[in-house]
Each structure stands twice: as C-alpha cells, then as structure tokens.
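Coordinate analysis (summary)
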Amino acid sequence: IVNRLKLNTAKTEVMIIRSKHDKVANPEKVKVFGEETTPVTNARNLGIYFDETLTMEKHVSHVIRNCSMYLHNLWRIGDKLDKDSKIRLVNVFIHSILDF
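Just so it is clear, the structure is predicted and the values come from calculations on it, not from any experiment.

For the rest of this paragraph, the subject is the packing of helix α1 (residues 57–77) against helix α2 (residues 83–99). For the pair α1 and α2, the least separation of the axes is 9 Å and the interaxial angle reads 175 degrees. The angle between α1 and α2 falls in the class roughly antiparallel. Packed against α1, whose contacting residues are Val63, Asn66, Cys67, Tyr70, Leu71 and Leu74, the element α2 presents Leu89, Val90, Phe93, Ile94, Ile97 and Leu98 at the interface. The class makeup of the residues in the contact of α1 with α2 is eleven nonpolar, one polar and no charged.

The subject of this paragraph is the side chain of Asp51. On the secondary structure map, Asp51 appears in strand β4 (residues 48–51). At 8.4 Å, Arg18 is the nearest oppositely charged side chain to Asp51, a buried residue that forms no salt bridge. Within the structure, Asp51 has its side chain in polar contact with the backbone nitrogen of Thr53 (distance 3.1 Å). At 2.8 Å, the side chain of Asp51 forms a polar contact with the backbone nitrogen of Leu54. Residue contacts for Asp51: discarding those within four places in its chain leaves Met15, Ile17, Thr41, Asn42, Met56 and Glu57.

Basis of the calculations
- Residues numbered from 1 in each chain as written.
- Predicted model: local features only at pLDDT ≥ 70, side-chain atom pairs only at ≥ 80, totals over all residues.
- Heavy atoms only, no water.
- Axes fitted to C-alpha atoms, helices over the stretch in contact; angles between N-to-C directions.
- Helix = DSSP H or I, 4+ residues; strand = E, 2+ residues; numbered from the N terminus.
- Parallel < 35°, antiparallel > 145°, perpendicular 65-115°, else oblique.
- Contact = heavy atoms within 4.5 Å.
- Nonpolar A, V, L, I, M, F, W, Y, C, P; charged D, E, K, R; others polar.
- Buried < 20%, exposed > 50% of the residue type's maximum accessible area, 1.4 Å probe, protein only.
- Lys, Arg positive; Asp, Glu negative; His and termini not counted.
- Salt bridge = Lys/Arg side-chain N within 4 Å of Asp/Glu carboxyl O.
- Polar contact = N/O pair within 3.5 Å; in protein donor to acceptor, adjacent residues only side chain to side chain.

As structure tokens, then:
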C-alpha cells in the first residue's frame with residue numbers, strides 16, 4: 001500500500017516495453033508490489049491500444065476498421081442526404097475517431 005492506495009491486481013496489466021529488434025523473450029511472470037502477474041503484449045489505456053514495441057499497429061487497425069465501417073454505412077445512405085448532412089455526419093463519426 002502506497003499513499004493508502006492498493007493495486008488492484010485483477011485489473012492491472014503489466015507490459016514490458018522493448019525494441020522490435022530485441023529478440024529476448026518476455027518473462028512468464030513479473031512481480032509488482034509483491035503480486036505476481038503475467039506480462040501482456042497489448043494493452044488499452046484511455047481508448048488507445050499500445051503494444052510492447054510501441055508500433056501501435058493494433059490501434060491503427062482498430063481506427064481503420066471503425067472508420068471503414070462508418071464510411072460504408074454513410075455510403076449506403078448517402079443518396080438520401082444533402083451535402084450539409086453528409087458533411088455533418090462525417091465530422092461526427094469520422095473526425096471524432098481520428099482526432100481522439
């Protein structure tokens with residue numbers, strides 16, 4: 001317990017950051033504040049996916065998949081909307097994902 005805060009090991013993920021050229025395998029278990037946990041290769045924090053080499057490949061794939069889905073749905077209803085509505089929907093759905 002540090003500053004009267006206790007680490008919730010059920011919600012804690014440990015990731016060992018390394019170079020993508022580093023071929024050394026991650027340890028199977030890591031001890032954090034006396035609790036053993038298994039390191040993960042990907043973790044999500046505040047909606048952003050990080051990986052152990054900080055390439056953010058999973059995050060980029062996630063953003064592309066979400067934008068593609070919204071663009072496909074907008075394309076399906078596009079002929080029923082005027083130009084201002086299309087612009088407004090792209091700003092709401094696509095730009096909000098890219099800006100985050």
